[in-house]
Amino acid sequence: PAAFTLSDVSKVYSNGTVALHNLDLTVHEGQFVSLLGPSGCGKSTVLRMVAGLGKMSSGNLYWGSSSQRKLAYVFQEAALMPWATVEDNVALPLKLAGLSKSAAREAVQEAIALVALQGFEKAYPRELSGGMRMRVSIARALVTKPEILLMDEPFGALDEMTRSKLNSDLLNLWGQKQWTVVFVTHNIYEAVYLSNRVVVMAARPGRVVADVAIAAPYPRT
Ligand code: ADP
Ligand code: ADP
């Protein structure tokens, strides 16, 4: 079943930039879709439209029937609160939702375990490497138990080794959880390695130019 469909979506920003032009995209439940394309082709705008961050200029977004629209968004920058510990950073979405610290504790522990940061609960962001900070950011997204994970070049700022480690950990997690993932990247190797579907976009105006199924090209553990 479909997780969501963008139907005939255009987005023109207030300065006149046409970021998306008549874009159609259906993402199915449990798919791991990479959105691939050069800088400026509208990848982030697609995620923003799905997340409801800014209005479409025209077109529609439809949700699949069983989807509860539980979204989480992971940005390129970990964007952690520097004055808060790892566990307080991860707990933030639950606190904003009104949960007490004790009510949030179990979910926070689980999210921290998912990204293999046990033992670092009381650490501060400045004490962590870039890859660990990105893990915290992912844990903060997972703590709400989302069904759809929107990731905007989450590993783009990391070195190759850290990136490849996080890639394989993300694949393992996805194998267990079967989220729907939309992963923005301009790295074709990353796209092919991670996803079972690669949607290629081109700029001027932003549109889909290829949509390719990937038949598990790499052994997945
Ligand atoms: P909208 O047309 O959706 O209302 P705005 O033009 O008001 O969007 O911009 C929203 C935000 O994006 C602003 O904070 C703006 O600084 C930022 N922004 C503006 N231009 C760009 C750009 N080329 N790329 C990324 N962000 C931009
Ligand atoms: P990508 O994620 O593929 O790099 P974006 O979706 O960020 O592409 O941007 C698509 C186009 O829209 C680019 O030309 C970008 O400069 C422009 N753009 C993005 N956000 C804004 C904004 N808030 N205001 C004006 N232009 C924007």
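What counts and what doesn't
- Residues numbered from 1 in each chain as written.
- Chains lettered and ligands numbered in written order.
- Predicted model: local features only at pLDDT ≥ 70, side-chain atom pairs only at ≥ 80, totals over all residues.
- Heavy atoms only, no water.
- UniProt positions renumbered as here; feature names shortened; annotations may be inferred.
- Helix = DSSP H or I, 4+ residues; strand = E, 2+ residues; numbered from the N terminus.
- Rg over C-alpha atoms; globule rule 2.2 N^0.38 Å.
- Buried < 20%, exposed > 50% of the residue type's maximum accessible area, 1.4 Å probe, protein only.
- Contact = heavy atoms within 4.5 Å.
- Areas by Shrake-Rupley, 256 points an atom, 1.4 Å probe, with all protein chains shown as cover.
- Lys, Arg positive; Asp, Glu negative; His and termini not counted.
- Charge placed at Lys NZ, Arg CZ, Asp CG, Glu CD.
- Near = heavy atom within 4 Å.
- Polar contact = N/O pair within 3.5 Å; in protein donor to acceptor, adjacent residues only side chain to side chain.
- Nonpolar A, V, L, I, M, F, W, Y, C, P; charged D, E, K, R; others polar.
- Axes fitted to C-alpha atoms, helices over the stretch in contact; angles between N-to-C directions.
- Parallel < 35°, antiparallel > 145°, perpendicular 65-115°, else oblique.
- Left-handed = near helix turned anticlockwise from the far one by under 90°.
- Phe/Tyr/Trp six-rings, centres within 6.5 Å; stacked < 30°, edge-to-face > 60°.

- Within an unreviewed UniProt entry, the label attached to the protein reads ABC transporter ATP-binding protein, and the organism entered is Thermoleptolyngbya sichuanensis A183.
- Regarding the protein, the UniProt comment filed under Subcellular location (unreviewed entry) reads as follows: "Cell inner membrane".

Quick notes on the overall build of the protein
In step 1: Looking only at helices and strands, the protein has 6 helices and 9 strands in total.
In step 2: Against the globule reference of 17 Å for 221 residues, the protein gives a C-alpha radius of gyration of 17 Å, in line with a compact fold.
In step 3: Taken over the C-alpha atoms alone, the protein extends approximately 45 × 40 × 35 Å along its principal axes.
In step 4: With 221 residues in all, the protein has 47% of them scored as buried.
In step 5: Pairs at least 24 apart in sequence give 70% of the contacts found in the protein among residues at least 6 apart.
In step 6: When the accessible surface of the protein is totalled, it reaches about 10,700 Å², and 54% of it is carbon and sulfur.
In step 7: Averaging the positions of the 22 positive and the 18 negative side-chain charges in the protein gives two centres separated by 4 Å.

What about the site of ligand 2?
In step 1: Among the 13 residues in the neighbourhood of ligand 2, the closest are listed as Gly40, Gly42, Lys43, Ser44 and Thr45.
In step 2: The backbone of Cys41 places a nitrogen or oxygen atom 3.1 Å from an oxygen atom of ligand 2.
In step 3: In the model, an oxygen atom of ligand 2 is placed 3.0 Å from a nitrogen or oxygen of the Gly42 main chain.
In step 4: It is helix H1 (residues 43-51) that contributes the most residues to the shell around ligand 2, 4 residues altogether.
In step 5: Here the shell around ligand 2 is built from residues that sort into 4 nonpolar, 7 polar and 2 charged.

Remarks on the packing of helix H2 (residues 86-96) against helix H3 (residues 101-114)
In step 1: At a minimum axis distance of 9 Å, the contact between H2 and H3 shows a crossing angle of 115 degrees. It follows from the interaxial angle that H2 and H3 lie roughly perpendicular. The interaxial crossing formed by H2 with H3 has right-handed handedness. For the pair formed by H2 and H3, the contact residues are Val86, Glu87, Asp88, Val90, Ala91 and Leu94 on the first element and Lys101, Ala104, Ala107, Val108, Gln109, Ala111 and Ile112 on the second.

Considerations on the site of ligand 1
In step 1: Near ligand 1 you find Lys11, Tyr13 and Ser14, and these make up its full shell.
In step 2: Lys11 places a side-chain nitrogen or oxygen 3.0 Å from an oxygen atom of ligand 1.
In step 3: Measuring from an oxygen atom of ligand 1, one finds a side-chain N or O atom of Ser14 at 2.6 Å.
In step 4: About the coverage of ligand 1: the protein hides 25% of its 570 Å² of free accessible area.

Brief notes about the packing of aromatic side chains
Think of a pair of aromatic rings as described by two things: how far the centres are apart, and how the planes are tilted against each other in angle.
In step 1: For the coordinates displayed, the defined rule picks out 5 aromatic pairs.
In step 2: Relative to Phe183, the ring of Phe32 lies with its centre 6.1 Å away and its plane at 50 degrees, an arrangement referred to as tilted. Linking Phe32 in strand S3 (residues 32-36) with Phe183 in strand S7 (residues 180-185), this pair joins segments that are 151 residues apart in sequence. Taken as a pair, Phe32 and Phe183 share a single burial class, namely buried.
In step 3: Aromatic pair Tyr73 and Phe75: ring centres 4.4 Å apart, planes at 15 degrees, arrangement stacked.
In step 4: For Phe75, a relative accessible area of 38% puts it in the partly exposed group.
In step 5: Ring pairs connect the aromatic residues Phe32, Phe155, Trp174 and Phe183, which therefore count as one cluster.

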